Amino acid sequence: MNKAKKLARFTMLMILIFSMISPFILTQNVSAVNILPPQKLRAPVLGYSDTSITLIWDKPEVYSNVTGYNIYKSGQLVGSTTNLSYAVNNLSPNTSYSFTVRSKDTANNESADSNTVVFSTSPTPKVYDIRDFGAVGNGSSLNTASIQKAIDSCSAGGKVLVPSGTYKSGAIFLKSNITLQIDGVLLGSDDPSDYPFTSMRFPYYKTKNYMGLINAYTDNYGSITNVKICGSGTVNGGTLKSSSDTLTVLGTAEQSGKDENARGDMINIKGVTNLNLSGLKLINPAMHTIFISYCKNITVDGIQASTYDIHNADGIDLAVSDNTNIFNCVFDTGDDCINLNAGCGAEGEKEGIPDSNIRLFNCLTKRGHGGVVFGSFTAAWIKNALVEDCVFDGTDIGLRFKTCRDNGGGAEYVTARDIKMSNIVKNAILFDSNYTGAYSEASVAGQFRHITINNITCEGSKDYGIYICGLSDMCHSDINMSNITLKNTKGASIQYFKDSTLDTVTFINSGSDPWKISNSTNINCINCSPSPSGFVTPITSPTQTPTQKPSITKTPTSTPTVTPTVTATATPTNKPTYIPTNTSISTPTKAISPTPKPTSSATASSFKVTGYVKPDFVKTGGSQGRILANFKVELDGTDKFALTDEKGYFQLDDITRGDYRLKISKGGFLCRVIGDISVEGNLQISSSSSPIDMWAGDMPIRGSTDDVINMADVIEIATAFNSVSGDGKYNSALDVNGDNSINMSDLMIIALNFNKTSSNYPEFKVM
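I will try to describe carefully the structure that is included in this document. Remember, it's a predicted structure, so these values are computed and weren't measured experimentally. Think of each chain on its own: its residues are numbered from 1, step by step along the sequence as written. Confidence filtering applies because this is a predicted model: local features only for residues at pLDDT of at least 70, side-chain atom pairs given and counted only at 80 or more, and all residues used for totals across whole chains, interfaces and linings. Side-chain metrics in this entry use all non-hydrogen atoms of the structure; hydrogen atoms and water are not considered.

## Here we look at the overall build of the protein chain
Counting from the N terminus, the helices are DSSP H or I runs at least four residues long and the strands are E runs at least two residues long. A tally of helices and strands in the protein chain yields seven helices and 47 strands. Three exposure classes are used, based on accessible area relative to the maximum for each residue type with a 1.4 Å probe and protein chains only: buried under 20%, partly exposed in between, and exposed over 50%. Counting the 767 residues in the protein chain, one finds 59% classified as buried. Throughout, a contact is declared for two residues whenever any of their heavy atoms are within 4.5 Å. By sequence separation, contacts in the protein chain at least 24 residues apart represent 71% of the contacts at least 6 residues apart. Computed with the Shrake-Rupley method and a 1.4 Å probe, the accessible areas treat only the protein chains shown as cover for residues. Carbon together with sulfur atoms contributes 50% to the accessible area of the protein chain, which is approximately 28,200 Å² in total.

## Let's talk about the sheet that holds strand S7 (residues 117–120)
At least two DSSP bridges between two strands are needed for those strands to be called paired. With antiparallel pairing, the four strands of this open sheet are ordered in space as S4-S3-S6-S7. Looking at which strands have only one partner, the edges of the open sheet turn out to be strand S4 (76–81) and S7. Averaged over all pairs of adjacent strands, the angle between strand axes in this sheet comes to 30°, irrespective of strand direction. Pairing of strand S6 (residues 96–104) with S7, which is carried by four bridges, proceeds in the antiparallel orientation. Within S7, the position partnered with Tyr97 by the bridge is Phe119. Where helices are involved, their axes are fitted lines through C-alpha atoms of the stretch in contact, as for all axes, and angles between N-to-C directions lie from 0 to 180°.

## Topic: the nonpolar core
Ile214 and Met481 are the most contacted members of the largest nonpolar core, which totals 108 residues. Contacts of Met481, omitting those with residues within four sequence positions, involve Ile429, Phe431, Ile453, Ile466, Ile468, Thr501, Leu502, Asp503 and Val505. For the purposes of this section, nonpolar cores are sets of buried Ala, Val, Leu, Ile, Met, Phe, Trp, Tyr and Cys residues that join through side-chain atoms within 4.5 Å. The next biggest cluster of nonpolar side chains, apart from the first, holds 42 residues, and it includes Leu635, Leu670, Leu683 and Leu734.

## Structural notes on the pattern of salt bridges
A carboxyl oxygen of Asp or Glu within 4 Å of a side-chain nitrogen of Lys or Arg is what we treat as a salt bridge. Within this structure, the stated rule accounts for 24 salt bridges. The closest approach of N and O atoms between Asp332 and Arg367, which form a salt bridge, is 2.8 Å. Pair noted here: Asp332 is in strand S26 (residues 330–332) and Arg367 is in the loop between strand S29 (364–365) and strand S30 (372–374), with a separation of 35 residues, a long-range link. In this structure, Glu680 and Arg657 form a salt bridge, with 3.6 Å as the shortest nitrogen-oxygen distance. A residue pair is termed long-range when its members are at least 10 positions apart, and Glu680 in the loop between strand S45 (672–679) and strand S46 (683–684) and Arg657 in the loop between strand S43 (649–655) and strand S44 (658–665) qualify at 23 residues. The exposure class of Glu680 is partly exposed, given its relative accessible area of 46%. The class of Arg657 is partly exposed, set by a relative accessible area of 39%. Each of Lys40, Arg42, Asp58, Lys59, Arg359, Glu388, Asp389, Arg417 and Asp418 takes part in one network of salt bridges that share partners.

## So, the pairing of strand S11 (residues 166–169)
In summary, the side chains of a regular strand alternate between the two faces of the sheet. The alternating pattern of S11 places Tyr167 and Ser169 on a buried face, while none of Thr166 and Lys168, on the opposite face, is buried. The sheet contact formed by strand S9 (residues 138–142) and S11 spans two bridges and is parallel. Following the sheet pairing, Asn138 is matched in S11 by Thr166. Alignment of S11 against strand S14 (residues 185–188), held across four bridges, turns out to be parallel. Paired with Tyr167 across the two strands is Leu186, which belongs to S14.

## Some remarks on the packing of aromatic side chains
Any two rings among Phe, Tyr and Trp, with Trp reduced to its six-membered ring, count as a pair given centres within 6.5 Å; such a pair is stacked if its planes are under 30 degrees apart, edge-to-face if over 60, and tilted if neither. Taken as a whole and judged by the stated rule, the model has 21 aromatic pairs. Ring centres 5.6 Å apart and planes at 20° place the aromatic pair Phe202 and Tyr204 in the stacked group. Take Phe202: its relative accessible area is 1%, and that puts it in the buried class. With a relative accessible area of 12%, Tyr204 lands in the buried category. Three or more aromatic residues joined by ring pairs form one cluster here, namely Phe202, Tyr204, Tyr205, Tyr221, Phe291, Tyr294 and Phe377. The residue whose ring lies beneath Arg359 is Phe361, and the NZ or CZ to ring-centre distance is 4.0 Å. Put simply, a charge is over a ring when the Lys NZ or the Arg CZ is close to the ring centre, within 6 Å, and near the line of the ring normal, within 35 degrees.

So this is what it looks like as structure tokens:
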């Protein structure tokens, strides 16, 4: 192509870009420049009805002067809140509305507008009242068949209504594209025969358990979609004879007939894409209150779980699922309040499905074993999580990270911030590697790393304010705490901990020397009070060296495209600083220490191939880790592959001697093939300072790429321009720079690489 044609095509591209952004440039409202606006205004999954729309947003990048938020509908103020969500009610069915949100300070000065979003309420649904199908709300008649008939009869977009009254039932099963609205009481039968013994929490479990009272359950993950369970009523799992009972009547019967773990979860959700659970009060489960697994795109809003003193009665378990918002909930539970779960042991490690992209905010936890709990099932990693603006009052442990050698994996890229704790029964902040084991031992011991904890206060804990206990051969690392104030605790107990920073950690009424530190190294302590001593002590020789770098081999490379009935029309005005969908993550201050370049062994029969990959554009803020992760690196013609981690690092194991072609691919990037790699020993292909470059811009057109950056890619991005993650138009495969929005940054990256093909790459030379 000659220079004139290239110039013409580039000019056309710039005209297209300007035409898309000019309306926003001309209409941008700028007010108090010292107050930053909220980021990424959006609706959570299925967060709307025919008369209401729920909005959520992220804090500004700097929010120390923000005391609240004003919500605007079509330019008119409709409400204010100190939370990070707001429900706009009294709307008309099947109508579009425009919304913005502004930050405000103590003097009610406002920021500029957030991004503008346009959402539509749903049409007025057809209502299937269970009384019309024979249900009787007297609290004693069994209504299972009547309620199930109403569900089976409900058309797509319809609503099954449980009205005022008490409706006794056994297990009911939901289907796609319906709402179950409970405004009365749905009461569980106490008879185990009313619940099929067919549920399986994890496919590698050795035994089954009973189905729950409410089930949206499939082993064909994603085959059930768009399920909403809501209302102003109560879900009651069954009879609790007295407040001193540790099991319900149903739980006792299920345990007696089978075993303890056979008890059913009251709300049992498995394999669902697009779930909304909101507004209900939940009491008396036979085991866990809510168990969600193998799901994508989840909203839990305004749930109240009161299950204290019932054995194993977790408030909510979120397992091996992706893209979740949990907010405005209250938990007073018989076990963990909010539990995050990534599978256990060798089986969970092999399955390789992380619990990922999780945001928890504006929640209250009371009694319970932990406020927000990471583990102990950690095999496939709990990753990319944000916990903020929560209160833990009377909880056993506030932030609880628990794993063990057998369970493997761990938690990484977690931020917990702006949390108030009081009356903590045991430890305020805990990282423990000595919890109970799994079915079979994972290949690598469990670990917690790349975690940021800031702006935490605790008014009293009977045990330690900070408790960290790793393993001699698997220390917890890169855990950075700042602005932590702990009053009336036993201080800190720390061992097997490394490469971390404690900044302005203050103990009050914890003695003159509250720090107990051993077997820890490279801990940077800044402005701590009282000042600790003895941080740099040698780590004892490990008794078992990890055999491989922990890795996720089956992490999805993109968030699935969701198509709800709501749409967004504007791009966030501020560049997001977040790694996961709906999640704010700080870039770790310490780099991952990659496996050193190994030396060749003449006697070994298989080897490792390692290296680094990076895109050719600048990475900034919290998006860096998301951009560098999930490049698929594979040996062409074999089944050997690995995904890069958040530093761009990859490791291929068990590679036999020979010559290979290395193939690198990722959605939104040109596929690159590097030939003539000779494996005669352990081989490091590239380093972090000299990585393998990947060019961005090759969009998937109807599911396939054409290996060139051209107008087809520009047009594909234009179809989703101004969309943000979760709004229906957003497609993560088009989000080149990983900032959870399709905007000017993505188009500019394409413009800089326009007309490039994979063959344009300069030859890459192996180190």
